[in-house]
Amino acid sequence: MGIEVNGKTLEVDEEGYLADLSTWVPEVATVMAKEDGQELGEDHWELINFLREYYEEYQIAPAIRVLTKAIGKKLGKDKGNSKYLYELFPYGPAKQACKYAGLPKPTGCV
Amino acid sequence: MSEIKKFMYVNRKAPYGTVYALESLEVVLIGAAFDQDVSLAFVDDGVYQIMNGQNTTGIGMKNFSSTYKALGDYEVTKLYVEKESLEARGLTVDDLMELTWEDEDDDYEEKPSIRLVSSAELAEVMADQDVVLSF
């Protein structure tokens, strides 16, 4: 399986997660979002970039509880709650945002 | 909510070469979502799991050592390291990663997660657990 990004085919797994993290470019997120019928605004990118930085530092995609806490601390309390995150990513912030960010599926996420 | 139980994950093996260390870490991260009282113990070669400056380039495996630094975010703040195991390997606490957690109730002050204990002290902590899982 693969997705078309900038004229290249990038491999994804059966759930649509990018097979190789290092092949990620911002357009990956745009293409994936389009397939889900979603437009990405500034707030989406803020979260996607946050997840990529978190992964860079800790080598894992954070669990939702950890994510909301970390977001609240970094971007402000009004954003550090699951309501805000689910509004941005209705299919689930961890699942959807992590996927767009090119990260593997969060540990413990079913 | 059901009663909070005390879970201890005992790590005895070197980080690479077998899958035990990584599996244990993943179980800890998953388990931490369930609001239990979680602690980790590092004994025998398990102390190598949290050593400083790990480099896996030569063995072609993912270096997951930085994930231990996320444990604080998961509210896993008690990492017991057995003194005798360190000494037997010529190591001291300075050879281990600096692992901390932020105390929300104390103005987010960073506090050390590693607790150096003797074998006898660790046995006492272990005896006090509801569940001990060995990896």
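Position labels on residues start from 1 in each chain and follow its written sequence. For naming, the first written chain is A and the first written ligand is 1, with later ones following in the order written. Note on the predicted model: pLDDT of at least 70 is required for a residue's local features to be given, and 80 or more for side-chain atom pairs to be given and counted; whole-chain, interface and lining totals, by contrast, use all residues.

**Focus on the overall build of chain B**
Thinking step 1. Starting at the N terminus, helices and strands are each numbered in turn, a helix being any DSSP run of H or I of at least four residues and a strand any DSSP run of E of at least two. Within chain B one finds three helices and seven strands.
Thinking step 2. Across chain B, helices and strands are ordered from the amino to the carboxyl terminus as β-α-β-β-α-β-β-β-α-β.
Thinking step 3. The globule rule used here is 2.2 Å times the number of residues to the 0.38 power, and the radius of gyration it is set against is calculated over C-alpha atoms. A compact globule built from 135 residues should have a C-alpha radius of gyration of about 14 Å, and chain B, at 15 Å, falls within 12% of that.
Thinking step 4. A total of 135 residues make up chain B; the buried ones form 30% of that total. Counting other C-beta atoms within 10 Å of a residue's own tells you its class, since 20 or more makes it buried, 12 or fewer makes it exposed, and anything in between is partly exposed; those C-beta atoms are placed from the backbone.

**Regarding the pairing of strand E1 (residues 2-5) of chain A**
All names here are of chain A.
Thinking step 1. By definition, two strands form a pair when at least two bridges between them are found by DSSP. Relative to strand E2 (residues 8-11), E1 runs antiparallel, the two being bridged by four bridges. By the bridge assignment, Gly2 is partnered in E2 with Glu11.
Thinking step 2. Linking two consecutive strands that pair antiparallel, namely E1 and E2, is a turn of two residues; a positive phi of about 50° is found at Asn6 within it.

**A word on the interface of chain A and chain B**
One frequently used descriptor of interface size is the decrease in accessible area upon assembly of the parts.
Thinking step 1. Contacts between the two partners involve 11 residues from chain A and, on the opposite side, 11 residues from chain B.
Thinking step 2. Looking at the side of chain A that touches chain B, the elements with two or more residues in it are helix H2 (42-58) and helix H3 (64-75) of chain A.
Thinking step 3. Residue classes in the side of chain A that touches chain B are distributed as six nonpolar, three polar and two charged. Here, residues touch in the contact sense if the C-beta positions derived from the backbone fall within 7 Å of one another. Residue polarity follows a fixed list, in which Ala, Val, Leu, Ile, Met, Phe, Trp, Tyr, Cys and Pro are nonpolar, Asp, Glu, Lys and Arg are charged, and the others, Gly among them, are polar.

**Observations concerning H2(A)**
Residues and elements named next belong to chain A.
Thinking step 1. For H2, which comprises 17 residues, the first-to-last C-alpha distance of 24 Å matches the rise-based estimate of 24 Å (1.5 Å per residue) to within 8%.
Thinking step 2. Where the residues of H2 are buried, they touch helix H1 (26-35), H3, helix H4 (82-88) and helix H5 (93-100).
Thinking step 3. Where H2 ends, the next residue or the one after it, Gln59, has phi of about 65°, a positive value. Given a helix with a known number of residues, its expected span is that number minus one, times 1.5 Å.

**A few points about the environment of Ser118(B)**
All names here are of chain B.
Thinking step 1. Along the polypeptide, Ser118 turns up in the loop between strand E6 (114-117) and helix H3 (119-127).
Thinking step 2. Take Ser118: there are 11 C-beta atoms within 10 Å of it, and that puts it in the exposed class.
Thinking step 3. Separated by 11 residues in the primary sequence, Ser118 and Asp107 have C-alpha atoms spaced 31 Å apart.
Thinking step 4. Among residues more than four places away in sequence, those in contact with Ser118 are Lys83 and Glu84.

**A word on the confidence of the model for chain B**
Thinking step 1. The predicted model of chain B averages 94 in pLDDT, with 99% of residues at 70 or higher.
Thinking step 2. Interface confidence for the predicted complex, expressed as ipTM, amounts to 0.83; the pTM equals 0.88. In predicted models, pLDDT denotes the confidence assigned by the predictor to each residue on a 0 to 100 scale.

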